[in-house]
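So you can see what is in the structure, the chains are spelled out below.
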Amino acid sequence: MTTAEDIIEGGTARLRPAGSLMRKPAQQPAGPFEVAAEAQKPTVRDALVTGLLVIYPAFAAVAAILAGLFLAGAGSV
């Protein structure tokens, strides 16, 4: 196994040779987008949460545009 003293000699860093053995990768999933081993069917709750995540930003954007138009029109009265 390579130690810190093997990598750093005389205050300068040196790279490991390309032919050296790599460490074993982690045995856990890389992130939240990995497919679970026991995948479940979508539920009504999942559909509701997905709907809210899609509908709310669209509604907020339309509301912000309408509020901006209203305020722009109210300033010119």
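Each value, and the rule that gives it
- Residues numbered from 1 in each chain as written.
- Predicted model: local features only at pLDDT ≥ 70, side-chain atom pairs only at ≥ 80, totals over all residues.
- Heavy atoms only, no water.
- Helix = DSSP H or I, 4+ residues; strand = E, 2+ residues; numbered from the N terminus.
- Buried < 20%, exposed > 50% of the residue type's maximum accessible area, 1.4 Å probe, protein only.
- Areas by Shrake-Rupley, 256 points an atom, 1.4 Å probe, with all protein chains shown as cover.
- pLDDT = per-residue confidence, 0-100.
- Patch = residues over 30% accessible without salt bridge, like charges linked within 9 Å, V, L, I, M, F, W, Y side chains within 5 Å.
- Salt bridge = Lys/Arg side-chain N within 4 Å of Asp/Glu carboxyl O.

Peer 1: How do you make sense of the overall build of the chain when you look at a structure like this?
Peer 2: If you tally the helices and strands in the chain, you get 2 helices and 2 strands. Each helix and strand of the chain, placed in order from N terminus to C terminus, yields the pattern α-β-β-α. Sorting the 77 residues of the chain into buried and exposed places 0% on the buried side. Accessible surface for the chain amounts to roughly 7,700 Å². Of this, 68% is attributable to carbon and sulfur atoms.

Peer 1: Is there a simple way to think about the confidence of the model for the chain in this case?
Peer 2: Detail in the predicted coordinates should be disregarded across regions flagged by low pLDDT. Confidence along the chain averages 76 in pLDDT terms, with 52% of residues attaining 70 or more. Highest mean pLDDT in the chain belongs to helix α2 (residues 44-75) (90); lowest belongs to strand β1 (residues 8-9) (54).

Peer 1: Sorry, what's going on with a nonpolar patch on the surface here?
Peer 2: Residues Val49, Leu53, Val54, Ile55 and Phe59 make up a contiguous nonpolar surface patch of roughly 540 Å² in combined accessible area. For Ile55, a relative accessible area of 55% puts it in the exposed group.

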